Amino acid sequence: MPRLFAILLITLPCLAADWPVYRGPDRNGSSPETDWTHTWPANQPKQLFKVNVRNGFACPVVRKDRLWTSGHAKGQDTIVCLNADTGQPIWSRSYPALSLNTHASPDYEGTRATPTLDGDRLYTLSRDGKVFCLDAASGDIKWQRDLAKDPGLQSPTWGFAGAPIPFGDLLILNAGTAGIALDKTSGQVKWQTGNTPSGYATPLLYANAAKKPRVAIFGAEALVGVDPTSGQKLWSVSWKTQFKINSADPVYHDGKLFASSAYNFGCAVIDVAQDRGTIVWKSRELRNHYNPSVLHDGCLFGFDGNNISGQGLKCLDFATGDVKWTADKPDWGNLIVAGDRLIILTQTGQLIIALASAEKYEQLASAQVLAPACWTAPVLCDGRLYLRNLKGDLVALDLRR
């Protein structure tokens, strides 16, 4: 196997059922699991546990019988490791962190970025720019770095939010103008692209037509293609949205990227195969806010609008942008795809299972599982479904047959 191809495949090592990083094993909101059920006794899935991990948006990451996530309370972030079957605590690590709550509502307080597992290490990024490398088994600190102090990166309005992404010996973060890379083992800066505020999405690794590694960085005012080995900017597409909120991860398919933003901005598919960033089509039909769309059988499934004025769930053709269908309800939420089914968590805490079909929206099951508000994507690992709300209630549901 060529070395480059191997790097792109094993950058985020995991077993088939593991969920080691934001958006899952393939970083696209898709789970390979199919042996799970949406037929529940008394129409309610069995609950394995429910615990509180403090305020925040961070998804859990899971490997075998261990789960890691983070939350915020009383001026401190806390990273926790739990038993993935029982919710029992294994270790926790707390450190001072700013709330960066720019609104009167406390709903914006809490951790943003999902932790990332890479081998025996766990990487985290706080919303005020503190990067930690921890021993995943013990929680011991291997190294830490405060990006706001050194190299002096400016925080976006709602804080740093993209998950750290390992690439070879590097750790790539959406911090600064168009990303920064740290040495995975020491935390030293290997390259940076500027110190202006970043966007909120997680960096997305892909390969160009020549099979060279690339990373897409959704910045505050542009979607940028970067050489992940050097930090060289290769292409840029202007993306100036209201409030500079570019937070939904791009979706990569067949040499092209789908990007989308809310607040009536819209979406586009961009050809990046030749490192040029050429727009194939653009539309206002699908405006993702936080949670990205998912791709299944050539179609995009995602929520249109934002958390205040959700416009429903839509299905678009990836190649053309044509709308296949629109469902007014659920009006807004978070989703992943597993096999041929969508797993949806609405912001009101309703779990919905629906067919991932281009023909029509067909709901298969639903249950109320959490109190609102829920802005965090579902996680499916070994038949266990993990869901979280902003107040830090984390519930594990057993969907195993």
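Starting from 1, residues in each chain are numbered consecutively following that chain's sequence as written. Note on the predicted model: pLDDT of at least 70 is required for a residue's local features to be given, and 80 or more for side-chain atom pairs to be given and counted; whole-chain, interface and lining totals, by contrast, use all residues. With hydrogens and water stripped out, all remaining heavy atoms of the structure feed into the side-chain values.

*Asks:* Can you help me understand the overall build of the chain in this one?
*Replies:* In terms of helices and strands, the chain carries one helix and 33 strands. The C-alpha radius of gyration computed for the chain amounts to 19 Å, which stays within 12% of the reference 21 Å derived for 401 residues, consistent with globular compactness. Across its three principal axes, the chain shows a C-alpha extent of roughly 55 × 50 × 50 Å. Buried means the residue's accessible area, taken with a 1.4 Å probe over protein chains only, is under 20% of the maximum for its type, while exposed means over 50%, and partly exposed covers the values in between. Burial analysis of the chain (401 residues in total) assigns 60% to the buried set. For the chain, long-range pairs separated by at least 24 residues make up 53% of all intrachain contacts whose partners lie at least 6 apart in sequence. For the chain, the exposed surface amounts to about 15200 Å²; the carbon and sulfur share of it is 48%. Of the charged side chains in the chain, 41 are positive and 37 negative; the average position of the first set lies 4 Å away from that of the second. Helix numbering and strand numbering both begin at the N terminus, where a helix is a DSSP run of H or I of at least 4 residues and a strand a DSSP run of E of at least 2. We compute the radius of gyration over the C-alpha atoms and compare it with the globule rule, which gives 2.2 Å times the number of residues raised to the power 0.38. Residue contacts are defined here by distance: any two heavy atoms, one from each residue, within 4.5 Å place the two residues in contact. For every accessible area listed, the method is Shrake-Rupley and the probe measures 1.4 Å; residues are considered covered only by the protein chains on display. For the purpose of counting charges, residues Lys and Arg are taken to be positive, whereas Asp and Glu are taken to be negative. His and the chain ends are not included. By convention, the point assigned to a charge is CZ for Arg, NZ for Lys, CD for Glu and CG for Asp.

*Asks:* Explanation requested: the sheet that holds strand β5 (residues 76-83) in the structure shown.
*Replies:* Strand pairing in a sheet takes place through backbone hydrogen bonds and is either antiparallel or parallel in direction. Between any two strands, at least two bridges found by DSSP are needed for them to pair. What the four strands build is an open sheet, ordered β3-β4-β5-β6; its pairing is antiparallel. With partners counted over all chains shown, the strands left at the sheet margins are β3 (61-63) and β6 (89-96), one partner each. Taking each pair of neighbouring strands and ignoring which way they run, the sheet shows an average axis angle of 20 degrees. In terms of strand pairing, β3 meets strand β4 (residues 66-73) through three bridges, oriented antiparallel. Looking at the pairing, V61 lines up with W68 of β4. In this description, a line fitted to the C-alpha atoms serves as the axis of each element, helices being fitted only across the stretch in contact, and the angle between N-to-C directions of two axes falls anywhere from 0 to 180 degrees.

*Asks:* Looking at this structure, how should I read the environment of G333?
*Replies:* Along the chain, G333 turns up in strand β27 (residues 333-338). Each C-alpha atom of the pair G333 and L313 lies 8.6 Å from the other, and the pair is 20 residues apart in sequence. Look past the residues within four positions of G333 in its chain and what remains in contact with it is N291, F303, L345, T346 and Q347.

*Asks:* What am I meant to see in the sheet that holds strand β13 (residues 180-183) here?
*Replies:* Taken in spatial order, the four strands line up as β11-β12-β13-β14 in an open sheet, and their pairing is antiparallel. Each edge of the open sheet carries a strand with a single partner, namely β11 (165-167) and β14 (189-192). Looking at each pair of strands side by side, their axes are set apart by 25 degrees on average, direction ignored. Relative to β13, strand β12 (residues 170-173) runs antiparallel, the two being bridged by four bridges.

*Asks:* Sorry if this is basic, but what is going on with the pattern of salt bridges here?
*Replies:* It is possible for side chains of opposite charge to pair when their charged atoms get near one another. Salt bridges are counted wherever a side-chain nitrogen of Lys or Arg sits within 4 Å of a carboxyl oxygen of Asp or Glu. For the structure shown, the criterion picks out 18 salt bridges. A salt bridge links R287 to D304; its shortest N-O distance comes to 2.7 Å. Here the residue R287 occupies a position in the loop between β22 (278-283) and β23 (294-296), and D304 occupies one in strand β24 (residues 299-305), the gap between them amounting to 17 residues. We note that R287, like D304, is buried. With a closest N to O distance of 3.3 Å, D304 and K314 form a salt bridge. With D304 in strand β24 and K314 in strand β25 (residues 310-317), this residue pair connects regions lying 10 residues apart in the sequence.

*Asks:* Whenever I open this one, the confidence of the model for the chain confuses me. Can you help?
*Replies:* Fine structural detail should not be taken from predicted coordinates in areas where pLDDT scores are low. Looking at the chain as a whole, its pLDDT mean stands at 94, while 94% of the residues score no less than 70. pLDDT expresses, on a scale from 0 to 100, how confident the predictor is about each individual residue. Throughout residues 1-16 the model reports pLDDT below 50, and contacts reaching past four residues in sequence, or to other chains, amount to 27 contacts.

*Asks:* Before we go on, may I ask you to explain the side chain of H296 in this structure?
*Replies:* Within the secondary structure, H296 sits in strand β23. Here a polar contact is taken to be a pair of N or O atoms separated by no more than 3.5 Å, where protein atoms must pair a possible hydrogen donor with a possible acceptor and residues adjacent in sequence count only if both atoms sit in side chains. Here the side chain of H296 touches D297 through a polar contact of 3.4 Å, side chain to side chain.

*Asks:* I keep staring at unusual backbone geometry and nothing clicks. Help me out?
*Replies:* Of all residues except glycine, most have a negative phi; of all peptide bonds, most are trans. The peptide bond linking D150 to P151 adopts the cis configuration, its omega dihedral lying at 20 degrees. Within the secondary structure, P151 sits in the loop between β10 (141-146) and β11. Looking along the chain, the bond that leaves P372 and enters A373 is cis, with omega of 5 degrees. Secondary-structure assignment places A373 in the loop between β30 (363-368) and β31 (379-381). The backbone of K244 shows a phi angle near 55 degrees, a positive value even though the residue is not glycine. Note that K244 resides in the loop between β18 (233-238) and β19 (251-253). Positive phi, close to 65 degrees, is recorded for N264, a residue that is not glycine. In this structure, N264 sits in the loop between β20 (256-261) and β21 (266-271).

*Asks:* So what exactly am I meant to see when it comes to the nonpolar core here?
*Replies:* Side chains of nonpolar character tend, in soluble globular proteins, to be buried together. We define the nonpolar core as a collection of buried residues of types Ala, Val, Leu, Ile, Met, Phe, Trp, Tyr and Cys that are connected through side-chain atoms lying within 4.5 Å of one another. Among the nonpolar cores identified, the biggest contains 36 residues, and I343, L351, L380, L385, Y386 and L387 are the most heavily contacted of them. Within the residue set of this core, elements represented by two or more residues are β5, β27, β28 (341-346), β29 (350-355), β30, β31, β32 (384-388) and β33 (393-398). No other element matches β33, which puts four residues into this core. If near-sequence neighbours (up to four positions away) are discounted, I343 is found in contact with W36, N334, L335, I336, A338, L351, I352, I353, P378, L380 and L385. Formed by 25 residues, the second largest nonpolar core is a distinct cluster that contains Y200, I245, C315 and V337.

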